[in-house]
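Chain by chain, the residues:
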Amino acid sequence: SQVSFEEESQKQPTVGHQKPLMPSKGNKEELETGCQNAGGVEETQSTEQLNVSRLRSSSVEIREKGSEFLKDELHKAQKELKLKDKECERLSKVREQLEQELEELTASLFEEAHKMVREANTKQAVAEKQLREARGKIDMLQAEVTALKTLVITSTPSSPNRELHPQLQSPSRAGFRKGHGRNKSTSSAMVSAASQNVAPEPVSRECKEVDSILFAEFQAWKESPTLDKSCSFLDRIYREDIGPCLDFTKEELSELVRVAVEQNTLTIEPVASQSLPVVKVAAEECGGPKKCALSGLPRTCKHRIMLGDSGNYYYISPSCRARITAVCNFFTYIRYIQQGLVRQDVELMYWEVMRLRREMSLAKLGFYPSEM
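Residues numbered from 1 in each chain as written. Predicted model: local features only at pLDDT ≥ 70, side-chain atom pairs only at ≥ 80, totals over all residues. Heavy atoms only, no water.

A. Up close: a negative patch on the surface. A contiguous patch of negative charge, built from E61, E64, E68, D72, E73 and E80, is present on the exposed surface. Take E61: its relative accessible area is 46%, and that puts it in the partly exposed class. (Patch = residues over 30% accessible without salt bridge, like charges linked within 9 Å, V, L, I, M, F, W, Y side chains within 5 Å. Areas by Shrake-Rupley, 256 points an atom, 1.4 Å probe, with all protein chains shown as cover. Salt bridge = Lys/Arg side-chain N within 4 Å of Asp/Glu carboxyl O. Lys, Arg positive; Asp, Glu negative; His and termini not counted. Charge placed at Lys NZ, Arg CZ, Asp CG, Glu CD. Buried < 20%, exposed > 50% of the residue type's maximum accessible area, 1.4 Å probe, protein only.)

What follows is the structure, given as structure tokens:
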């Protein structure tokens, strides 16, 4: 500038007395204008260079910051994508598990439904079978009650009815039937079975004497009649009469016979003029028309027994049949007492029990009618 130029010119030392050359007025203006133009150009160029450098540095910074920002955003997006992938995988596993559980639940429900239907059908079949059996038992019990009423009204141990007891009649009038129909142990054995067994002449009343111990046991049992053999009355009879009477050589079959008699499921029927049944067990165990299944001895067997509904028949000799029938008669009579069907004095019932015990003892000793 002109001011700075003047100041610099003033500061220069003066040599001699020479006067500084002063430019002319025109030259001075041109010089000042040229200096001003040169200074403005230089200043403009430097400013532009500074601005360019600044722009370059700012653009580099912007690029770096933008790159860093984009990298951060990319990392965030990648992390979110990984999380979403994991969540999708977890949800797919949950869906598969739920589908599997749903299938298992559906299968179990169908299986349970089928099972319930099968059980209902089975129960219905069992109930129908029990209903048929109950109706059959009712009919059988009604027939037994009718027969027992006739027996109780018309016959007592002290004065038996000879029409109902043919074995008490004279030989010219009485005769045993050869064979008998299909008899259950629950049949009215007091009527039908009595006509099939020969008993000795009844003891006269003058020779009877009540045993105080036996009578007391019977009275105690009569107060609360039961078929439980743990009571003293039945325990004695089991030991003294029933056990020995049903004690055969074939022990296993003897036990089955005893259980069938106790449960009222024994069947006795004649084998004459009947077709042989289909045997489901070994022939040695069932015996045959010429061999007794209970004693194992060669005997002529006119009857056979069936235990329950097994369908297996066992041939028995007349002696074994007499022993089984005697025990069945005893059980039938005490069942009648237990059911309240016997309307007699206690002493008369006691003597009837003693008569049945005597029949068991005689059958055990081998006494039986020849027609059996």
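B. Representation of the packing of helix α3 (residues 212-223) against helix α8 (residues 346-364) in the model. At a closest axis distance of 11 Å, the pairing of α3 and α8 adopts a crossing angle of 110 degrees. Considered as vectors, α3 and α8 are oriented roughly perpendicular to each other. Here α3 and α8 pass one another in a crossing that is right-handed. Counted together, L214, F215, F218, Q219 and K222 of α3 and V346, E347, M349, Y350, V353, M354 and R357 of α8 form the full contact between these two elements. (Axes fitted to C-alpha atoms, helices over the stretch in contact; angles between N-to-C directions. Helix = DSSP H or I, 4+ residues; strand = E, 2+ residues; numbered from the N terminus. Parallel < 35°, antiparallel > 145°, perpendicular 65-115°, else oblique. Left-handed = near helix turned anticlockwise from the far one by under 90°. Contact = heavy atoms within 4.5 Å.)

C. Representation of the pattern of salt bridges. Counted under the stated rule, the structure contains 12 salt bridges. Here E89 ties to K93 by a salt bridge, and the two come within 3.8 Å at their closest N and O atoms. Taken together, the residues span about one helical turn, with E89 and K93 both in helix α2 (residues 25-154) at a distance of 4 residues. Since its relative accessible area comes to 45%, E89 is described here as partly exposed. Taking relative accessible area as the criterion, K93 reaches 51% and is therefore assigned exposed. Between E255 and R258 there is a salt bridge; the shortest N-O distance is 2.2 Å. Of this pair, E255 and R258 both sit in helix α5 (residues 251-262), 3 residues apart, which is roughly one turn of that helix. The exposure class assigned to E255 is partly exposed, which follows from its relative accessible area of 39%. With a relative accessible area of 17%, R258 lands in the buried category. Salt bridges linked by common partners bring E217, R236, E240, D241 and R357 together as one network.

D. Structural view of the side chain of S254. Relative to the elements of secondary structure, S254 occurs in helix α5. With relative accessibility at 6%, the residue S254 sits in the buried group. Within the structure, S254 has its side chain in polar contact with the backbone oxygen of K250 (distance 2.6 Å). Excluding residues that lie within four positions of it along the chain, S254 makes contacts with L246, F248 and L294. (Polar contact = N/O pair within 3.5 Å; in protein donor to acceptor, adjacent residues only side chain to side chain.)

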